[in-house]
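# Secondary and tertiary structure notes
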Amino acid sequence: MAGNWKMYKTPAETAAFFEAFRPLIAAAGHCEIVICPPFIDLPAAVASARGTSIRLGAQNLYWAKEGAFTGEVSGPMIRAAGATHAIVGHSERRQFFGETDETVLKRTVAALDAGLTPIVCVGELLEHREAGRTEAVLCEQCLKGIAGLDERQFAQIVIAYEPVWAIGTGRNASPDDAAQVHELIRFTAARRGVPGRLSILYGGSVNAGNVLSLLARPELDGVLVGGASLDADGWAELVGLGGAA
Ligand code: PGA
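It should be emphasised that the depicted structure is a prediction, and the values quoted were computed from it without experimental measurement.

Calculation rules
Residues numbered from 1 in each chain as written. Predicted model: local features only at pLDDT ≥ 70, side-chain atom pairs only at ≥ 80, totals over all residues. Heavy atoms only, no water. Helix = DSSP H or I, 4+ residues; strand = E, 2+ residues; numbered from the N terminus. Buried < 20%, exposed > 50% of the residue type's maximum accessible area, 1.4 Å probe, protein only. Contact = heavy atoms within 4.5 Å. Areas by Shrake-Rupley, 256 points an atom, 1.4 Å probe, with all protein chains shown as cover. Lys, Arg positive; Asp, Glu negative; His and termini not counted. Charge placed at Lys NZ, Arg CZ, Asp CG, Glu CD. Pairing = 2+ DSSP bridges. Axes fitted to C-alpha atoms, helices over the stretch in contact; angles between N-to-C directions. Salt bridge = Lys/Arg side-chain N within 4 Å of Asp/Glu carboxyl O. Core = buried A, V, L, I, M, F, W, Y, C linked by side-chain atoms within 4.5 Å. Near = heavy atom within 4 Å. Polar contact = N/O pair within 3.5 Å; in protein donor to acceptor, adjacent residues only side chain to side chain. Nonpolar A, V, L, I, M, F, W, Y, C, P; charged D, E, K, R; others polar. Parallel < 35°, antiparallel > 145°, perpendicular 65-115°, else oblique. Left-handed = near helix turned anticlockwise from the far one by under 90°.

Counting secondary structure elements, the protein chain contains eleven helices and eight strands. Considered along the principal axes of its C-alpha atoms, the protein chain spans approximately 45 × 45 × 35 Å. Looking at the protein chain as a whole, 51% of its 245 residues are labelled buried. Across the protein chain, contacts joining residues at least 24 apart in sequence account for 70% of those joining residues at least 6 apart. For the protein chain, the accessible surface area stands at approximately 10,800 Å², while carbon and sulfur atoms represent 54% of it. Charged side chains in the protein chain number 21 positive and 27 negative. The centres of these two groups are separated by 4 Å.

Time to look at the sheet that holds strand β3 (residues 55-58). Taken in spatial order, the eight strands close into a barrel running β1-β2-β3-β4-β5-β6-β7-β8, and their pairing is parallel. Mean inter-strand twist for the sheet, computed between neighbouring axes without regard to direction, equals 25°. In the sheet, strand β4 (residues 85-88) pairs with strand β5 (residues 117-122) via four bridges, with the strands oriented parallel. For histidine 85, the partnering residue across the bridge sits in β5 and is threonine 117.

Attention shifts here to the side chain of aspartate 41. Relative to the helices and strands, aspartate 41 resides in the loop between β2 (34-36) and α2 (42-49). The side chain of aspartate 41 is buried and forms no salt bridge, while lysine 9, the nearest opposite charge, is found at 8.3 Å. Not counting residues within four places of it along the chain, the set of residues in contact with aspartate 41 comprises Tyr8, Lys9, Thr10, Pro11 and Thr14.

Pairing between side chains becomes possible if they bear opposite charge and their charged atoms approach one another. Inspection of every chain in the model, using the stated rule, returns twelve salt bridges. In this structure, arginine 129 engages aspartate 177 in a salt bridge whose closest nitrogen and oxygen atoms are separated by 3.7 Å. Taken together, the residues arginine 129 in helix α6 (residues 126-130) and aspartate 177 in helix α9 (residues 175-191) connect sequence positions 48 residues apart. Exposure remark for arginine 129: the relative accessible area of 24% places this residue in the partly exposed category. When its relative accessible area of 27% is taken as the criterion, aspartate 177 is described as partly exposed. Taken together, the shared-partner salt bridges in this structure form one network comprising Arg93, Glu99 and Arg107.

Time to look at the nonpolar core. Counting 63 residues, the largest nonpolar core has Phe21, Ile35, Ile185 and Trp235 as its most contacted members. Ignoring sequence-local partners within four residues, the contact set of isoleucine 35 consists of Gly3, Trp5, Phe17, Phe18, Phe21, Ile54, Arg55, Leu56, Gly57 and Trp235. Ala2, Ile119, Ala160 and Leu201 belong to the second-largest nonpolar core, a separate cluster that totals ten residues.

Around the ligand sit 13 residues in total, of which Lys6, His90, Glu162, Gly168 and Ser205 are the nearest. Between the ligand and histidine 90 there is a distance of 2.6 Å, counted from an oxygen atom to a side-chain nitrogen or oxygen. Relative to its unbound accessible area of 280 Å², the ligand is 94% covered by the protein chains. Residue composition of the shell around the ligand, by class: four nonpolar, seven polar and two charged.

Further remarks concern the packing of helix α1 (residues 11-24) against helix α11 (residues 232-244). For the pair α1 and α11, interaxial distance at closest approach is 9 Å and the crossing angle is 30°. Between α1 and α11, the angle is such that the two are roughly parallel. Crossing angle aside, the handedness with which α1 passes α11 is right-handed. Residue-level inspection shows Phe17, Ala20, Phe21 and Leu24 of α1 in contact with α11, the latter providing Ala232, Asp233, Trp235, Ala236 and Val239. Taken together, the residues of the contact of α1 with α11 sort by class into eight nonpolar, no polar and one charged.

Right, dumping it as structure tokens:
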């Protein structure tokens, strides 16, 4: 159960969230919880999550370890701050910040090198789905970008399937559609010789009303949640439902 806070919350709001959230999930040992706040909130989140099983992640990282790259943050810096995960290639970064399959690959390798688990986002646009190109686009994103990973690296990443038309829109993929794409990604990875079972999350307008039907599908290993992860009560309810699924 991964939460992507996007560009929401200050450090003080982060601390307040955890104060409210921690007691609500005291008994939730049954699923892995990852919260990805803005960089500036990571120290507050790490301090607040100490002593719990909640993991923290960044929402992006730069591929160089350090250097003259004004405004960027590297994998080793994120790791040193206490995070364990990093979202890579979110569609908002592809759409607004020039992210490409090539830069997604560089960031993914950098995350792995820093000891972070990359949550690599893939997903089709509405026009792709309407044109029946979902499979082709997904195969391309899986094969062109992260295809540069070797089998061992590939086996260490988490993939998040997020249809772009479902993000923040209130329209989610049906459990059948999501399951079909997850199968396709697993098949593509297996054909490449990736060992073991890939961990694949679904993301896009997940909420307390649809999470159970999505996670009822064995093809889905979890969810990546934006808007519904911002409120402590709501996120605790979702995590509880996810753990029960
Ligand atoms: P959403 O966002 O849950 O608000 O649709 C998901 C995401 O962007 O990861």
